[in-house]
Amino acid sequence: MIHKFTQNGYYIVLDVNSGAVFELDRCAYEMLDYIKPGIADECPQELYNLLRDFPEETVKETYGEIKELIDRRILFSTDDYEPFVESLGTAPVKSMCLNIAHNCNLRCGYCFASQGDFGHGKKLMSYEVGKKAIDFLVASSAGRKNLEVDFFGGEPLMNFDTVKRLVAYARSLEKEHNKNFRFTITTNGLLLDKDKIDFINKEMSNVVLSIDGRQEINDRYRINAQGAGCYETIVPKFKQLVEERGDKEYYVRGTYTRHNTDFSKDVEHLFSLGFDQVSIEPAVTDEDYEYSITEKELPAIFEEYEHLAKIMLEHKRKGDKLNFFHFMLDLDQGPCVYKRLRGCSCGNEYIAVTPEGDIYPCHQFVGIDEKKMGSVLDGSFNQELKEDFATATVYSKEECKNCWAKFYCSGGCNANNYLYEGSIRKPHKISCEIERKRLECAIMIKVALDE
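Residues numbered from 1 in each chain as written. Predicted model: local features only at pLDDT ≥ 70, side-chain atom pairs only at ≥ 80, totals over all residues. Heavy atoms only, no water.

A.B. asks: Let's hear about the packing of helix H6 (residues 194-203) against helix H8 (residues 231-245): which residues, and what values?
C.D. replies: Between H6 and H8, the shortest axis-to-axis distance is 10 Å and the interhelical angle comes to 40 degrees. Classed by the angle they form, the pair H6 and H8 counts as oblique. In the packing of H6 onto H8, the handedness of the crossing is right-handed. Mapping the contact onto sequence places Lys 194, Ile 197, Asp 198, Ile 200 and Asn 201 in H6 and Lys 237, Gln 240, Leu 241, Glu 244 and Arg 245 in H8. The class makeup of the residues in the contact of H6 with H8 is three nonpolar, two polar and five charged. (Axes fitted to C-alpha atoms, helices over the stretch in contact; angles between N-to-C directions. Helix = DSSP H or I, 4+ residues; strand = E, 2+ residues; numbered from the N terminus. Parallel < 35°, antiparallel > 145°, perpendicular 65-115°, else oblique. Left-handed = near helix turned anticlockwise from the far one by under 90°. Contact = heavy atoms within 4.5 Å. Nonpolar A, V, L, I, M, F, W, Y, C, P; charged D, E, K, R; others polar.)

A.B. asks: Provide a residue-level description of the sheet that holds strand E2 (residues 10-15), including the pertinent values.
C.D. replies: In spatial order, the strands read E1-E2-E3; together these three strands make up an open sheet with antiparallel pairing. The two strands at the open ends of the sheet, each matched to only one other strand, are strand E1 (2-7) and strand E3 (21-24). The mean angle between the axes of side-by-side strands here comes to 25 degrees, regardless of whether they run parallel or antiparallel. (Pairing = 2+ DSSP bridges.)

A.B. asks: Describe the packing of aromatic side chains, listing the residues and the values that go with them.
C.D. replies: Counting across every chain of the model gives 17 aromatic pairs. Between Phe 151 and Phe 183, the aromatic rings sit 5.9 Å apart at their centres with planes inclined by 20 degrees, giving stacked as the arrangement. With Phe 151 in strand E7 (residues 146-152) and Phe 183 in strand E8 (residues 180-187), the pair connects residues that are 32 residues apart, well separated along the chain. Pairing Tyr 395 with Phe 407 gives two aromatic rings, centres 6.5 Å apart and planes at 55 degrees, and the pair type is tilted. Here the residue Tyr 395 occupies a position in the loop between helix H12 (383-390) and helix H13 (398-401), and Phe 407 occupies one in helix H14 (residues 406-409), the gap between them amounting to twelve residues. Note on accessibility: Tyr 395 and Phe 407 belong to one class, buried. The rings of Tyr 256, Phe 263, Tyr 305, Phe 324 and Phe 327 are connected pair by pair, giving a single aromatic cluster. In this structure, Arg 165 packs its charged tip against the face of Tyr 127, placed 3.8 Å from the ring centre. (Phe/Tyr/Trp six-rings, centres within 6.5 Å; stacked < 30°, edge-to-face > 60°. Buried < 20%, exposed > 50% of the residue type's maximum accessible area, 1.4 Å probe, protein only. Lys NZ or Arg CZ within 6 Å of the ring centre and 35° of its normal.)

A.B. asks: Describe the environment of Lys 196, with residues and values.
C.D. replies: With respect to the secondary-structure elements, Lys 196 resides in helix H6. The class of Lys 196 is buried, set by a relative accessible area of 16%. The contacts of Lys 196, once residues within four sequence positions are left out, are Leu 157, Phe 160 and Leu 191.

Below is the structure:
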């Protein structure tokens, strides 16, 4: 299987199974419309007729070059991934999202978590529940040494004392159980102060800072209970945190809606503020909300991603340290085979825990009763659900089997698939369309930088 596309003046071909990427001239690009595996040694006459716009000698040489690539099994290569499906199964848990606060001091209009309480009422996680969650993670991780805990909400800073106590507790277990904890926190920044910044920069391996970009964009939906925007409050705090963070990981994460399909301006704005690690995500939700991304917006969104790719390319060529999350693509190594086949491993290697101690496949499944997997309070864990998620791969999703992007998106977000298509094995159409365009842009950037 191959995927051909043109962008920014480049003729690009991806060999899906090998992962090889080729920048071609127009003759080779057009010839691939008529080429299949197992081609003859000599260029057939019909190709000369089909490609009569090119000199015969060019067609002949191009045919020979393409045949060489096919013979080397890097073009129209066979699928070496599918045999691994049989070895896929449940695995020890390695990462946990702790919903430390089902409460928030913002009322973001597009919030998937119902403004922080996930539709089940405001509540903060107690230290005792959090401690049992850490114990559950250690017990469920088997021989895994490196474990991850993400502090999430709502707004985690509303329960920050518990965050600090849980970090200390987890650290106290590391030597005894031969574990190494990696912590992450996601925050809207309103409650940041010097002490919190110092603790986050010391203990958190990564931090996600929520901001949508330009002030008018951010303050349209990221508002407090009184309806006021948060931009002027959070920007100085985020700047301080990043400036004092050194070379430790972070990124600013925003959401774009149908009202700002010019989101490249938000990426540029965030970079102008000093933030060089940026993610801007589409508002994925039911299409009847006034801010939702629908098929109608897709042409403008595709054009904007291509525009952003050119901007990113200019920054890269100038040596700027600016990364856009969805254009960060490793074509040389990439993720491991298992991650390519099933993605984030939610419900299998990754789980979320609520303030009540309930276990869900991930933070986006929280509150969906039929997907509740157990409780850290009694140690229960639904192995049938775990098996269901573990075996949800690109080969168990009909729409994915023949999709050129399958080994990069790994079948899409299981939560979005379930929420908007009714099954974790049925990819969410709009998310797929957007992801394919982002992948094309990321590949184009790699091709251009390798010139």
